[in-house]
Amino acid sequence: MSRRAIAGLFAIGAVALALAIFAATKVHETTSSAEPSGAVSAPDSAFEGAELPPGVRAPDFSLRDENGKRVTMREYRGKPVIVTFLYSHCHDTCPIQAQQIKGALDNLGRDLPALAISVDPPGDFPKSVDRFNREQGVTGRIRWVLGRESQLRPLWEGFHTTSQTPSSEHMARLVLVDKRGFQRIGYPSSQVTPERLAHDLRLLEKE
């Protein structure tokens, strides 16, 4: 075989080797970027809402409802509880949240405890709350927790929400508390639907 032929074979072999190394490198880079070493895919949650960090209790309290009766968090042990944050003079997000809760209870075909923690202590009074509940058709289905700011602030902080102020709107969210009194599922107001709420309440009832 001539020197020229041998040189040609070496050249072809070098090109092939270079292409093989390049291809192997790209495959390694693609695999590494798509699936980092040690990465584990988290199992899908059965809940529609966002699962909250485990072991966080709902803040306990002993305050008055819109009828002047004592209301506590502890009295609802053994049942899932819907907790939302409303003020009775609200005309946008609060009526929507009340309707979402009403729809979820209708979907379930039975009532479960639903508490509305006041985020506007100076403006929420039994009469204004009664009017709000009548207008939304939730009288007897959503029970309010009323009190002074100093009494309600630990609840806002414990549920990681904010109050209503003249300069800012309160955080519109909803939390499901399980039978043992732990905060389990959270929803921003924009992601709540009656169907999602009813679905997650059914799961919590079965636990």
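Please refer to the structure higher up on the page.
So, here's what we can say about the structure. (Residues numbered from 1 in each chain as written. Predicted model: local features only at pLDDT ≥ 70, side-chain atom pairs only at ≥ 80, totals over all residues. Heavy atoms only, no water.)

1. Here we look at the overall build of the protein
1) Next: If you tally the helices and strands in the protein, you get 5 helices and 8 strands.
2) Next: The proportion of buried residues among the 207 residues of the protein is 41%.
3) Next: Of the contacts formed within the protein by residues at least 6 apart in sequence, a portion of 73% connects residues at least 24 apart.
4) Next: A total of about 11700 Å² of accessible surface is found on the protein, and carbon and sulfur atoms cover 58% of it. (Helix = DSSP H or I, 4+ residues; strand = E, 2+ residues; numbered from the N terminus. Buried < 20%, exposed > 50% of the residue type's maximum accessible area, 1.4 Å probe, protein only. Contact = heavy atoms within 4.5 Å. Areas by Shrake-Rupley, 256 points an atom, 1.4 Å probe, with all protein chains shown as cover.)

2. Digging into the pattern of salt bridges
1) Next: According to the stated counting rule, one finds 12 salt bridges in the structure shown.
2) Next: D60 is the partner of R74 in a salt bridge, and the nearest nitrogen-oxygen pair spans 3.3 Å. Taken as a pair, R74 in the loop between β3 (70–72) and β4 (81–86) and D60 in the loop between β1 (50–51) and β2 (62–64) lie far apart in primary sequence, 14 residues in all.
3) Next: By relative accessible area, R74 is classed as exposed at 51%.
4) Next: In this structure D60 comes out as partly exposed when scored by relative accessible area, which is 41%. (Salt bridge = Lys/Arg side-chain N within 4 Å of Asp/Glu carboxyl O.)

3. Quick word on the pairing of strand β5 (residues 114–118)
1) Next: A large share of β5 lies buried, amounting to 5 of its 5 residues.
2) Next: Relative to β5, β4 runs parallel, the two sharing 5 bridges. Within β5, the residue paired with L86 across the bridge is S118.
3) Next: Following the chain from β4 across helix α2 (residues 93–108) to the adjacent parallel β5, one finds a crossover that is right-handed. (Pairing = 2+ DSSP bridges. Right-handed = clockwise from strand over helix to strand, strands pointing away.)

4. Some remarks on the side chain of D124
1) Next: Topologically, D124 is positioned in the loop between β5 and α3 (126–136).
2) Next: Among buried charged residues, D124 stands out as having no salt bridge; its nearest opposite-charge side chain is R131, 7.2 Å away.
3) Next: The residues contacting D124, other than those within four sequence positions of it, are L86, Y87, S88, S118, V119, W144 and L146. (Lys, Arg positive; Asp, Glu negative; His and termini not counted.)

5. Remarks on α3
1) Next: Those residues of α3 that fall on the buried side of the exposure criterion are S128, V129, F132, N133 and Q136. In an axial view of α3, the angular spread of the buried residues amounts to 135°, which keeps them on one side of the axis. Exposed residues on α3 whose side chains face more than 90 degrees from its buried face are K127, R134 and E135.
2) Next: G137, located one to two residues past α3, shows a positive phi value of around 70°. (Arc of directions from axis to C-beta.)

6. Here's the deal with the nonpolar core
1) Next: One finds M73, I117, V145, F159 and L176 to be the most contacted residues of the largest nonpolar core, which totals 48 residues.
2) Next: For this core, the element with the most residues is α2, which contributes 6 residues.
3) Next: When residues no more than four places from it in sequence are discounted, the contact partners of F159 are A58, P59, M73, V83, F85, I117, R173, V175, V177 and Q183. (Core = buried A, V, L, I, M, F, W, Y, C linked by side-chain atoms within 4.5 Å.)

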